[in-house]
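Listed here are the chains, written in short residue letters.
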Amino acid sequence: MDEQLLKPIPEITYLNTENTWRYRAILRFFYRQHERLRHYLFPEEVYSYLKQFGAFQSYTEDMLEQDLQRLVAWGNLIPRQETGRVSSIEEFKRKKFRYQCSPYTVEIERMVHQLEQLGESFGGSLERTLFDRLLQLLGELTTRDTSPFRAENEQLYRVETMPLEEVNLLWEDLFDQFRKLTENAADYLAYLKSEKIEDLMQTEDFLLYKEALMAYLRNFMAALQKSSLRIESILLHVDDQWLERTVERVADYQMSIPRLDEKIDKEEIITRLKAQWNSLRYWFLGVNGNDSELLYMQNETNETIRKMTRFAQRLGERYQNMRSRRKDYLHLAGWFLNLSMEEAHKLSACVFGVFHTRHLYTDPGRTEDIDADLWHEPPAVLTIKPRTRHYRERTKPSAIEDRSAAKQQMLQQHLLMREAERKLIEQITRNDRIRLSELPAVDPYVRKTLLQWMTRASGQEDGTAKTESGRKFKLILLDDEMIELASSDGIMRMPNYLIMFLE
Amino acid sequence: MSSQNLYDEQAKEAAEWLLENFWVLREDDPDRYRMIREREQALTLYFREKLGYRLIVHRYFAKLEKIPAVPETWMGIQEFTDPRDYALFCCLLAFIEMKSVDEQFLLSDLCEELKSLYPDELDWTHYEHRKSLVRVMRFAASLKLVLTVDGDIEQFRYAETSEVLYEVPIYSRYFMRTYPKDLFQYSTLEELLEAEHTDDSDEQTGMRRRHRVYRQLFLTPAMLRKSDDDVDFLYLRTYRNRIREDIEKHTNYQFELYRNTAMLTRMERGLRQDMYPDQRAISDISLQFAEQLRADVLSGRVTTGGAGPDHPQYV
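Residues numbered from 1 in each chain as written. Chains lettered and ligands numbered in written order. Predicted model: local features only at pLDDT ≥ 70, side-chain atom pairs only at ≥ 80, totals over all residues. Heavy atoms only, no water.

Student: Please provide a residue-by-residue account of the pattern of salt bridges, values included.
Tutor: Under the definition given, this model contains 31 salt bridges over all chains. Its salt-bridge partner being A:R179, residue A:D176 comes within 3.4 Å of it at the nearest N-O pair. Separated by 3 residues within a single helix, A:D176 and A:R179 lie in helix 8 (residues 164-193), roughly one turn from each other. For A:D176, a relative accessible area of 31% corresponds to the partly exposed category. B:E16 is the partner of B:R266 in a salt bridge, and the nearest nitrogen-oxygen pair spans 3.2 Å. Of the two residues, B:R266 sits in strand 9 (residues 261-266) while B:E16 sits in helix 1 (residues 9-20), which places them 250 residues apart along the sequence. Comparing B:R266 with B:E16 shows no difference in burial state: the two are buried. (Salt bridge = Lys/Arg side-chain N within 4 Å of Asp/Glu carboxyl O. Helix = DSSP H or I, 4+ residues; strand = E, 2+ residues; numbered from the N terminus. Buried < 20%, exposed > 50% of the residue type's maximum accessible area, 1.4 Å probe, protein only.)

Below you can see the structure in the form of structure tokens.
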């Protein structure tokens, strides 16, 4: 007989023990979050969740700590030290743990959940065809009957005219697909995120199947994006009337199945079906402004792809550059230790390389005679400054010269130039406007001034600026035609601007 | 000609940075990094052809592996004062090797780990040992082999219980140059230096001689004639015009060749370089000594031993 069959399974201990109610509440929370693709939970989160319930009024954080320890011991939870980067020694030391529920627990909780509801199956893959199938079924369920004999406003949904049996089949298929999709995706992504896989990604084996894995994920993403938009649009556009009629008909069919043992209430079935429908809506569209599960999944997949790329890159680098460097370093350490300091410096230069160069500072070379002896060359003479703190190089006192005449002249010249410029600009201004497209050949100086103005104005939000003389103007782009501005030094092609003076 | 192939002023400047720095980190010095990257081709070509050096331009840094032709004591890590510093430094590298990039670690963890990695006895209650580690960590931080997140390594000098939080940056992976074989297979300097020569050309002529001569010129203050039939010196004399032209085109040094001495000198003082004379008092004193000595030699009071090649002749 197989050994395994004879061993106890500690993971299910929590289901039947003294504090089962506590353990079950905790693990159910983990399982729910796992389904929502949140795999690592902090104790605080669990605590604040439990405290919502009356039964947990006297529950303390210490008790939770103990319960978590117990669940870890049974193999239901996997603790993981938070590895995020911290910014202080204190934080690093306060060992923060997050917990992930073990695959066993997920299975057990799922089973328990299914026992509660009687469901099925566990696979774990990202079946991209599921999306297409889902879309197709959803399409069939929600198409309108386009019979040419009806006016447009009278057109009915096809479910109205379909046999009851068919409506039911479509409905069941649809939710079958949906359930498969969510469960498989959640499991698969959880698998990728588990510590074991992360360890695997750090080994060289990972490189071998990285390509296939990435392609798989990429295809999944592509399918997700392609079909999800259309699914979302269908979900947004079907009206309440359709839903009412459809669930009514599905319920009718289910009522029609003869059952001996129990009496079923039609209202109950309808409520259940509507809840089913809502969960589908929420999954794709989100609820009350919360992100949809779809978005979660998209982010998770993206993140996984990113992570794999990063791992692969690092592995590649390590593979090329870092063949057993550790051994090398330790070999070097021993080598250094047996050397004198002089020899150690030399070894350092050989293994690490030289950090700086050394050279002499001197006047340019003086001789072309290659047989000249350095001793016979005139030396470069350098002046050494005294090294006392108060030393200053002596400066000669000199009289202050009167330069006001020269300054005055400069000022005159400058003003004259400004005046000339002003006149030039004035010549090309008509009705307080300068139309660049209508300008004759202008002086290069004028073009420079205009361009300066344009630069100034285009930097402003409202397109206005001031000229050197303080006139306010606005820069306006007339159309997207290109114009030519001719000048003695060439032609400039530029957008069709107008400069308008505002005052 | 594309800008990549152009060896212009910008390339000269970039070359100088590569020679004067262990590496240029993109994060710290994006402008210089870009400058090097833009001239990568020209620089790679020049350094490979003339010095036999590999220019590595990586996503995160640019680095020229400056292996000397003849290792000198001043070429080591000047911050280190004891062989223990070097040994500890290698153990630190081995420790970092086990960490993943961005991983954080505490000084206390490192200390514990070093005890087992270090090939000899380590005792952190020993002041000298702690000081050694302070030097090593300071040097490692200055090159960005580790990043200090919190705490101050200086405190470790006074108390072995003081704590520092470090992080492993991506650069630490690239500090050490690569060897064709695993490093632990080498046991002498000669083997190490020999390792990079993959071609089997004659040591006395050809490419290897050119690389050797250029390395000496570029890294050290001066190259002295060792004997009458010094092949390297013969090379310098034969090709002096080509070498001068080449050096002046690719760097801001001038090439000087005398009967027994060759050197690359500078007319202007770059702050970043190790130049003699510098601003330290020892330079002033040695200059005064040199002047006196020179006067004595020229007046015949002191002889230079016939100016033979056996006698090194610095000014």
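Student: Give me the nonpolar core: which residues, what numbers.
Tutor: One finds A:F352 and B:F89 to be the most contacted residues of the largest nonpolar core, which totals 107 residues. Non-local contacts of A:F352, meaning those with residues more than four positions away in its chain, are made with A:L332, A:F336, B:F22, B:I77, B:Y86, B:F89, B:C90, B:L93, B:F175 and B:M176. If you look at the next biggest cluster of nonpolar residues, it comprises 47 residues, including A:L224, A:V238, A:A251 and A:I305. (Core = buried A, V, L, I, M, F, W, Y, C linked by side-chain atoms within 4.5 Å. Contact = heavy atoms within 4.5 Å.)

Student: Requested: an account of the environment of A:I491, with residues and values cited.
Tutor: Residue position: A:I491 is located in strand 7 (residues 490-501). A:I491 has contacts with A:E484, A:L485 and A:A486, leaving out every residue within four places of it along the chain.

Student: A description of the interface of chain B and chain A should follow, citing residues and the corresponding values.
Tutor: Taken together, the contacts link 109 residues of chain B with 72 residues of chain A. Between chain B and chain A lies a buried interface of about 8400 Å² when both sides are counted; carbon and sulfur atoms form 63% of it. Of all residues in chain B, the largest losses of buried area upon contact with chain A belong to B:F184, B:Y258 and B:R294, amounting jointly to 8% of the total for that side. For the interface between chain B and chain A, the tally reads 0 salt bridges. For the pair chain B and chain A, the interface holds 10 residue pairs in polar contact (both at pLDDT 80 or more). In terms of residues, the side of chain B that touches chain A owes the most to one element, helix 4 (residues 83-98) of chain B, which gives 11 residues. (Buried area = accessible area lost by both parts, 1.4 Å probe. Polar contact = N/O pair within 3.5 Å; in protein donor to acceptor, adjacent residues only side chain to side chain.)

Student: Please provide a residue-by-residue account of a nonpolar patch on the surface, values included.
Tutor: Where nonpolar side chains cluster on the molecular surface, the patch consists of A:I9, A:I12 and A:Y104 and spans about 290 Å² of accessible area. Inspection of the secondary structure puts A:Y104 in helix 5 (residues 103-117). (Patch = residues over 30% accessible without salt bridge, like charges linked within 9 Å, V, L, I, M, F, W, Y side chains within 5 Å. Areas by Shrake-Rupley, 256 points an atom, 1.4 Å probe, with all protein chains shown as cover.)

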